Structure formats: C-alpha cells, structure tokens
Amino acid sequence: MALINPLCLGIDAGSSKTTACAMDVRTRVVVARSMSGPCNWNTSDRSLAKGELLKAIAECLTQAGRSPKDVTTVCIGTAGVDLPEDIAVLQNTLKTELHEGVDVVVYSDAVTALASGTGGVLHGCVLIAGTGTVAFGMVDGGRAQARASGWGPAFMDGGSGYDLGARALAAVAKAHDGRGADTLLLEAVTQHLGISRPEDLIRWAYSEHGWSRIAALAPIVVECAAQGDSVADTILKHGVGELFRAVKAVTLKLDLERPPHPFRLVLAGGLLTEGCLYTQYLLEVLKEAVPGADICYPAVDPAEAAAWL
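Fair warning: this is a prediction, and the values are worked out from it, not measured in the lab. (Residues numbered from 1 in each chain as written. Predicted model: local features only at pLDDT ≥ 70, side-chain atom pairs only at ≥ 80, totals over all residues. Heavy atoms only, no water.)

Novice: Please clarify how the nonpolar core should be interpreted in this entry.
Specialist: A general trend in soluble globular proteins is that nonpolar side chains are found buried together. Core analysis: the biggest nonpolar cluster contains 53 residues, and Leu-185, Leu-236 and Tyr-278 have the highest contact counts within it. For this core, the element with the most residues is helix H9 (residues 230-254), which contributes 11 residues. The next biggest cluster of nonpolar side chains, apart from the first, holds 25 residues, and it includes Ala-13, Cys-39, Leu-61 and Val-71. (Core = buried A, V, L, I, M, F, W, Y, C linked by side-chain atoms within 4.5 Å. Buried < 20%, exposed > 50% of the residue type's maximum accessible area, 1.4 Å probe, protein only. Helix = DSSP H or I, 4+ residues; strand = E, 2+ residues; numbered from the N terminus.)

Here you go:
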C-alpha cells in the first residue's frame, strides 16, 4: 500500500550541533524540526555522534506525529564522512533505525550549504566559516566540483573560528608577557571565561580537548576590533585574506569567473552573518577581487536545504 504523505528527512550533522527537519514529499512543506548535539564523525566519538543523529531523527518524527515507516528518503549533509566505507556505515545505521527500504543519501555539508543559498541548484560557490572553514564549488549540477581549505583545525583552517580564537589566545599571552602589543583581548577573553588571572588561561586551554572551545572566542575578536583594537583588527584582516584565497582557489579551478554569467557565492556559517564586521571586511575584498560573484546568504537552514536535494 502506498504511503500517505511520505516524508523526507533533511539533516545537518555538524561539529557543534545536529539539526533535522521533516518535509512532506508531496507538498514540500516542512512539518517538523529538531535539534541535538554534535555529530561530526572526524572530531566526535563515533558512538556519541550516532546517538545524537538518531536522537534528532526520533524527536523530529515525534514532533511530526509520524513513524519511521513514513520516511522514504533521508538526506544528510555532514563533515567527515567522505570514504565509501564511512558512508556505508551511516546508511546501514539509518536503514536499521528506520526501515530497509529507506533511501539514504549522504552529502558533504558544503553541498547542502551551497544549496541553501541557490534554491537547491548545485552551481556556484559557498564559503563556510564557523568552527572550521571551507570553500566549495560545483558547476552544472555537480558535473565538476572543487574545494579549498576545510582540512580541519589541526591544519589551522585560515579564517575559521578556531584560527581567530587561537590567534586571540596567542595575542593575550604575548600582551601579558610584554612580547606583544597591548590589546583589549586580554581583558575581554579573561572576563568572558571568568578567569581572574591571565596565567589561568593555561589551565583552561589544556583542561579538556575540543576545537569548538577555542573557536568560541572568535566573536570576542570581532567585538574588540569593532572597538578599535588594532591587534584584534589585524587578526580579522588576516582571516579575511585566508578566506578570500580559499574562494579564489575554487573559482579558478571551476572557471566560475568566466564572463558574462555571474555565479552565486553563498556566505554561510556562524562567523559570516550579514552586517558583522568580519563579513564587511570580507565583502570589501570579494566585491573588488571577484566581481563576477553574486554574493548572497542562505535562504533556509542546511537541514531544509538537505531535504530539497
């Protein structure tokens, strides 16, 4: 018997949180949304990542008042699931949890981020800057694709939240020692973390592992730069240069800048919000150096964009 109003689940499995949405296949209307913890298979414990993924799915179905058998397709955008064996594990996990007949499609989170700003069209470039960063592009519905950066925090993804946060910590240490210029970051970072002495930053930095803890300091860099702090401003402008070079590498590989047709350049991620100083600095560079780009922001969240695909 045919399913009544079958569902497609769109999932954005990220390093800071997992979001899911249930979309009615026939009407393409989102009927439920949910959120759970981080689900990055490269930087999270695999069992914990699996648990958060299944939690988001279960809550989404509960909110929709539906059962697993109503799901015909699951589309996941995630980082860290690139190898065929990893994709197979993820697909088998969801088939076991839902039902064997469900179609499970796994994309890079960069693909869903691109789709979020192009209306589902897989042509253009996306720049994501959050905890990490990546520039990714596709042409002609995926006929060719290219990426730059996105190697992960251990490789100091330039312009990422981790990059900005790590540079802020270094600037604080140098300012406190007298090895570097005075900076508002010293007081701002210690106050933000509830630390009375700068030396206590050492204990904080090594007390637990987690790239996102360092990346969470990035907004402080933006705030201090907005207040006129030259050290913070230098960190931001270095980050902008790194982001620009990543975008340029992708556009050159895919020949996206060939006239006369402009291409969509989607700015996504927590650091690239509209009106943010960091974004303003980046826009100044991009508008001059990549004139063929039609710069835009995501129209929907990545989970809904995954459901579009």
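Novice: Would you explain the packing of aromatic side chains in this entry?
Specialist: Two numbers describe a pair of aromatic rings. These are the distance of the centres and the angle of the planes. Within the structure shown, the criterion is met by two aromatic pairs. Ring geometry for Tyr-162 versus Trp-211: centroids 5.1 Å apart, planes at 90 degrees, classification edge-to-face. On the criterion of sequence distance, the pair formed by Tyr-162 in helix H4 (residues 161-177) and Trp-211 in helix H7 (residues 211-215) is long-range, its members being 49 residues apart. For Tyr-162, a relative accessible area of 14% corresponds to the buried category. The cationic tip of Arg-213 hangs over the ring face of Trp-204; the distance from NZ or CZ to the ring centre is 4.3 Å. (Phe/Tyr/Trp six-rings, centres within 6.5 Å; stacked < 30°, edge-to-face > 60°. Lys NZ or Arg CZ within 6 Å of the ring centre and 35° of its normal.)

Novice: Whenever I open this one, the environment of Ser-160 confuses me. Can you help?
Specialist: You can see Ser-160 is positioned in the loop between strand S8 (144-149) and H4. Distance in space between the C-alpha atoms of Ser-160 and Gly-150 is 9.3 Å, their sequence separation being 10 residues. Beyond its immediate sequence surroundings of up to four residues, Ser-160 is in contact with Gly-130, Thr-131, Gly-132, Thr-133 and Leu-271. Of note is the side chain of Ser-160, whose polar atom sits 3.1 Å from the backbone nitrogen of Asp-163. (Contact = heavy atoms within 4.5 Å. Polar contact = N/O pair within 3.5 Å; in protein donor to acceptor, adjacent residues only side chain to side chain.)

Novice: Would you mind going over the sheet that holds strand S2 (residues 18-24) with me for this structure?
Specialist: Within a beta sheet, neighbouring strands are joined by backbone hydrogen bonds and run either parallel or antiparallel to one another. One open sheet holds the five strands; their spatial order is S3-S2-S1-S4-S5, and the pairing between them is mixed. Single-partner strands in this sheet number two, and they are strand S3 (30-36) and strand S5 (103-108). For this sheet, the mean angle separating the axes of adjacent strands, direction not counted, is 15 degrees. Strand direction decides the pairing type here: strand S4 (residues 71-78) and S5, joined by six bridges, are parallel. If you follow Cys-75 over to S5, its bridge partner there is Val-105. Each of S4 and S5 is contacted by helix H2 (residues 84-97), which is oriented at about 140 degrees to S5, the strand it contacts most. On top of the sheet, helix H3 (residues 109-118) reaches strand S1 (7-13), S4 and S5; it is set at about 85 degrees to S5, its chief contact. (Pairing = 2+ DSSP bridges. Axes fitted to C-alpha atoms, helices over the stretch in contact; angles between N-to-C directions.)

Novice: Help me understand the layout of surface pockets in this model?
Specialist: Gaps left between atoms are located by rolling a probe of water-molecule size over the structure's atoms. There is about 300 Å³ of room inside the second largest pocket. Around the second largest pocket sit Leu-169, Val-172, Ala-173, His-176, Asp-177, Pro-198, Glu-199, Leu-201, Ile-202, Trp-204, Ala-205 and Tyr-206, which together line it. Taken together, the elements giving at least two residues each to the lining of the second largest pocket come down to H4 and helix H6 (200-207). Among the residues forming the lining of the second largest pocket, the class breakdown is nine nonpolar, one polar and two charged. (1 Å grid on protein atoms, 1.4 Å probe; cavity = no way out; pocket = protein on both sides within 12 Å on 5 of 7 lines; lining within 4 Å. Points joined across faces, edges and corners; volume = space filled by probe spheres on them. Nonpolar A, V, L, I, M, F, W, Y, C, P; charged D, E, K, R; others polar.)

Novice: I keep staring at the state of the cysteines and nothing clicks. Help me out?
Specialist: One covalent bond between the sulfur atoms of two cysteine residues makes up a disulfide. Overall, the coordinates contain zero disulfides when judged by the stated rule. Unpaired in terms of disulfides, Cys-125 finds its nearest cysteine sulfur in Cys-296, a separation of 11 Å. (Disulfide = S-S within 2.5 Å.)

Novice: How do you make sense of the pairing of strand S9 (residues 263-268) when you look at a structure like this?
Specialist: Every other side chain in a regular strand lies on the same face of the sheet, so the side chains alternate between the two faces. Of all six residues that make up S9, five are buried, and the element is covered over most of its length. When S9 meets strand S10 (residues 293-296), the two strands line up parallel, connected through four bridges. Residue pairing across strands places Leu-265 opposite Ile-295, the latter belonging to S10. Read from S9 through helix H10 (residues 277-289) to S10, the crossover connection turns out right-handed. (Right-handed = clockwise from strand over helix to strand, strands pointing away.)

Novice: Teacher, can you tell me more about H4 here?
Specialist: Owing to its 3.6 residues per turn, the α-helix aligns residues three or four sequence positions apart on the same side. In this model, H4 (17 residues) spans 24 Å end to end at C-alpha, consistent with the 24 Å of a helix rising 1.5 Å per residue. For H4, the complete set of buried residues consists of Gly-161, Tyr-162, Asp-163, Leu-164, Gly-165, Ala-168, Leu-169, Ala-171, Val-172 and Ala-175. Phi turns positive one or two residues past the end of H4, at Gly-178, with a value near 90 degrees. (Expected span 1.5 Å × (residues − 1).)

Novice: Can you walk me through the pattern of salt bridges in this structure?
Specialist: The full count for this structure, using the stated rule, is 15 salt bridges. The partner of Arg-143 in a salt bridge is Asp-140, with the nearest N and O atoms 2.8 Å apart. Residue Arg-197 pairs with Asp-200 through a salt bridge whose shortest N-O separation is 3.0 Å. (Salt bridge = Lys/Arg side-chain N within 4 Å of Asp/Glu carboxyl O.)

Novice: Whenever I open this one, H3 confuses me. Can you help?
Specialist: Burial of H3 is extensive: nine of the 10 residues sit out of reach of the surface. Along H3, the residues classified as buried are Ala-110, Val-111, Thr-112, Ala-113, Leu-114, Ala-115, Ser-116, Gly-117 and Thr-118. Looking at where H3 begins, the residue whose side-chain oxygen comes 3.0 Å from the main-chain nitrogen of Ala-110 is Ser-108. Where H3 terminates, the next one or two residues include Gly-119, which has phi positive at roughly 75 degrees.

Novice: Whenever I open this one, the sheet that holds S8 confuses me. Can you help?
Specialist: The five strands are arranged S8-S7-S6-S9-S10 in an open sheet whose pairing can be described as mixed. A strand with exactly one partner marks an edge of an open sheet, and here the two such strands are S8 and S10. If you compare each strand with its neighbour and ignore which way they point, the axes differ by 15 degrees on average. Where strand S6 (residues 124-129) and strand S7 (residues 133-139) come together, six bridges link them in antiparallel fashion. Across the sheet, residue Leu-127 finds its bridge partner in S7, namely Ala-135. Strand contacts of H3: S6, S7, S9 and S10, with the helix running at about 115 degrees to S6, the strand carrying the most contacts. This element, H10, spans S6, S9 and S10 of the sheet and lies at about 160 degrees to S9.

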